[in-house]
Amino acid sequence: MTNAMRHASAPLTLRPFHNGTRLTVDVADRTGTLPHILATGGIEHDGMRLIAAAAARWGTRTTPNGKIVWAELTTR
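Residues numbered from 1 in each chain as written. Predicted model: local features only at pLDDT ≥ 70, side-chain atom pairs only at ≥ 80, totals over all residues. Heavy atoms only, no water.

Trainee: Even after reading the chapter, I still don't get the pattern of salt bridges, so can you show me in this structure?
Mentor: In total, this model carries five salt bridges according to the counting rule given. Here Arg-22 and Glu-72 are joined by a salt bridge, their closest N and O atoms 3.7 Å apart. One end of the pair, Arg-22, is in strand β2 (residues 22-29); the other, Glu-72, is in strand β4 (residues 66-74), and 50 residues separate them in sequence. Given the relative accessible area of 30%, Arg-22 is considered partly exposed. Overall, Glu-72 belongs to the buried group, its relative accessible area being 12%. Between Asp-29 and Lys-67 there is a salt bridge, with its nearest N and O atoms 2.9 Å apart. Within this pair, whereas Asp-29 is found in strand β2, its partner Lys-67 is found in strand β4, the two being separated by 38 residues in sequence. Neither residue differs from the other here; Asp-29 and Lys-67 are each classed as buried. Residues participating in the shared-partner salt-bridge network are Arg-15, Asp-26 and Arg-61. (Salt bridge = Lys/Arg side-chain N within 4 Å of Asp/Glu carboxyl O. Helix = DSSP H or I, 4+ residues; strand = E, 2+ residues; numbered from the N terminus. Buried < 20%, exposed > 50% of the residue type's maximum accessible area, 1.4 Å probe, protein only.)

Trainee: Explain the environment of Phe-17 to me, please; I cannot follow it from the model alone.
Mentor: Relative to the helices and strands, Phe-17 resides in strand β1 (residues 13-18). Looking at Phe-17, the relative accessible area reads 38%, which means it is partly exposed. Between the C-alpha atom of Phe-17 and that of Glu-72, which follows or precedes it by 55 residues, the distance is 9.2 Å.

Here you go:
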């Protein structure tokens, strides 16, 4: 959500889903620019690297109004 607040256009939407073993979090915004993991950049540019390290899976999908970045976290 912090990345979306810093780099994307409002309105932003945060949607959590829990199925008993995984928590999936979707963050939607109106920007079509897809995130990427920077090779270097310091703490201000480590958001996607932190997501990739913590998540079991993560990805993006485009929508007619922008994009969704999602991450799945194992809960059990």
